[in-house]
Amino acid sequence: FFKSLGFDYSYVENGNNISDLIDAFKAVKGSSHPVVVHIHTQKGNGLAAAQENREAFHWIMPGTLDLKESVERIPYESYEELTKSFILDKIKENPATCVVNAGTPGVFGFNKEYREKLGKNYTDVGIAEEHAVAYSSAMAACGAKPIFCVMSSFIQRTYDQMSQDLCLNNSPITMLVYWGGLSGADATHLCSFDISLISNIPNMVYLAPTNKEEYLAMLEFSYSQNERPVAIRVPSGGLKSTGIKDETDYSKLNKFKLVENGSKVAILGLGNFFELGKQVKEELKSKLNIDATLINPKFMTGIDVEMLESLKSNHDVVITLEDGMLDGGFGEKISRFYGNSSVKVLNFGGIKEFTDRVPLSDLYERYHLRTDLIVNDISDCLKEVCSVHN
């Protein structure tokens, strides 16, 4: 195959043998033409636990092997388990429900037992997220109900298919984006770019739930409608619940939720950072005696013009909090809306950069995503506003 493409070709059967590798590289070193060196290796070679349990050891954190679990793991409710139950229920209701993933079932908790339950309703296309999107779009066009699960850091692979195959055709698939947010991951697994990548494609609806009830309501909306592609950013961290069913009509696009009405400062806490928004509100009350407005935007692909317009009458500063990169993100949409008004906007999120295993606490300090730093920035901004008014 490779020779037919004009490459020279060399195969190393025992790729875990250092001597064989050295011989192979010596043989091709200094070549004046393209060469493919095909190396056959065994992941986890020499470690029995890794060879016997390949899925669990697809990747592990440093120090994992040193941990001793003294107690049996107790199952607990999580967004992953909610998703798995939702999918099984939908398959029972509609056999045309199809679950698609691209070689990372462990990210979603799709273990072997669960995959067997899904049976023919499950497809793993391998490491080919771009194909997964086009494949899901085609199935939707033929009447199926695809649910595509993907890790945030691999969204960039899907961009062409999301635009040309999915959104241009308004194919009604459900895309579930996992692990979206700033993280201390390595440079090739950063999950901070999905908002910018997804939310600026026409026809796409990208939703940011903040709790269990919102997530379930958004899942139901996305699955049931046949108008457009819908992506949902599965919340990171522990599951949060209000205990009250979410009755929101998500077919009314780009309607934000006014959680607490205040004045002077408005806080838009998106998705994972809604809890941060609540903390900032409390800190503003405690430190500056400001009763801020708190808003849960829910939609990342559009703005609630009516609500944003209403804030102009009694708010000097609007802040946005998003767990992702600022450039091309949600906050910029808010800044653009207020650009020709007297309302000041502060956007809080990540800088456009590739980080490599930087601790999350360091990133939060660098990006001013700590409550105290945010409140200080708001205070400085309010002083500027007062100076201008005076």
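Scroll up a little and you will see the structure.
Treat the numbers as computed from the prediction; the structure is a model and nothing was measured.

Reading the values: the criteria
- Residues numbered from 1 in each chain as written.
- Predicted model: local features only at pLDDT ≥ 70, side-chain atom pairs only at ≥ 80, totals over all residues.
- Heavy atoms only, no water.
- Axes fitted to C-alpha atoms, helices over the stretch in contact; angles between N-to-C directions.
- Helix = DSSP H or I, 4+ residues; strand = E, 2+ residues; numbered from the N terminus.
- Parallel < 35°, antiparallel > 145°, perpendicular 65-115°, else oblique.
- Contact = heavy atoms within 4.5 Å.
- Nonpolar A, V, L, I, M, F, W, Y, C, P; charged D, E, K, R; others polar.
- Pairing = 2+ DSSP bridges.
- Buried < 20%, exposed > 50% of the residue type's maximum accessible area, 1.4 Å probe, protein only.
- Expected span 1.5 Å × (residues − 1).
- Polar contact = N/O pair within 3.5 Å; in protein donor to acceptor, adjacent residues only side chain to side chain.

Caption draft 1: View of the packing of helix H5 (residues 129–141) against helix H6 (residues 159–167). Relative to each other, H5 and H6 sit at 10 degrees, their axes nearing to 9 Å. Taken together, the axes of H5 and H6 are roughly parallel relative to one another. Note on element contacts: H6 touches H5 through Gln161, Met162, Asp165 and Leu166, opposite Glu130, Val133, Ala134 and Ser137. In the contact of H5 with H6, the residues fall into four nonpolar, two polar and two charged.

Caption draft 2: Seen up close, the sheet that holds strand E10 (residues 264–269). Taken in spatial order, the five strands of this open sheet run E9-E11-E10-E12-E13, and their pairing is mixed. Bordering the open sheet on either side are strand E9 (257–260) and strand E13 (344–350), each of which pairs with just one other strand. Going from strand to strand, the sheet's axes swing by 25 degrees on average, the running direction of each strand aside. Where E10 meets strand E12 (residues 315–325), six bridges bridge the pair, whose relative direction is parallel. Paired with Gly269 across the bridge in E12 is Leu321.

Caption draft 3: A look at the sheet that holds strand E5 (residues 145–151). Overall, parallel pairing links the six strands, which are arranged E4-E3-E5-E6-E8-E7 in an open sheet. Unpaired on one side and paired on the other, strand E4 (122–124) and strand E7 (205–207) mark the two borders of the sheet. Ignoring strand direction, the axes of neighbouring strands in this sheet form an average angle of 20 degrees. Pairing analysis gives three bridges linking E7 to strand E8 (residues 230–233), with the strands arranged parallel. Within E8, the residue paired with Leu207 across the bridge is Ile232.

Caption draft 4: Region of interest: the environment of Gly103. Structurally, Gly103 is set in the loop between strand E3 (97–101) and helix H4 (112–118). Among the residues examined, Gly103 registers a relative accessible area of 27% and is labelled partly exposed. For the pair Gly103 and Ala128, spaced 25 residues apart in sequence, the C-alpha to C-alpha distance is 7.7 Å. Beyond its immediate stretch of four places on either side in the chain, Gly103 contacts Asp124 and Gly126.

Caption draft 5: The arrangement of helix H8 (residues 212–224) in detail. With 13 residues, H8 ought to run about 18 Å at 1.5 Å a step, and its terminal C-alpha atoms sit 18 Å apart, in line with that. Counted residue by residue, H8 has 10 buried out of 13 residues, so it is predominantly covered. All of the buried residues in H8 are Lys212, Glu213, Glu214, Tyr215, Ala217, Met218, Leu219, Phe221, Ser222 and Tyr223. Regarding H8, its N-cap is Asn211, as a side-chain oxygen of that residue lies 3.2 Å from the backbone nitrogen of Glu213 further along.

Caption draft 6: Summary view of unusual backbone geometry. The residue Asn170 is not glycine, and still its phi comes out positive at about 50 degrees. Located in the positive-phi region is Asn203, a residue other than glycine, with phi close to 80 degrees. Secondary-structure assignment places Asn203 in the loop between helix H7 (194–199) and E7. For Asn203, a relative accessible area of 36% translates into the label partly exposed.

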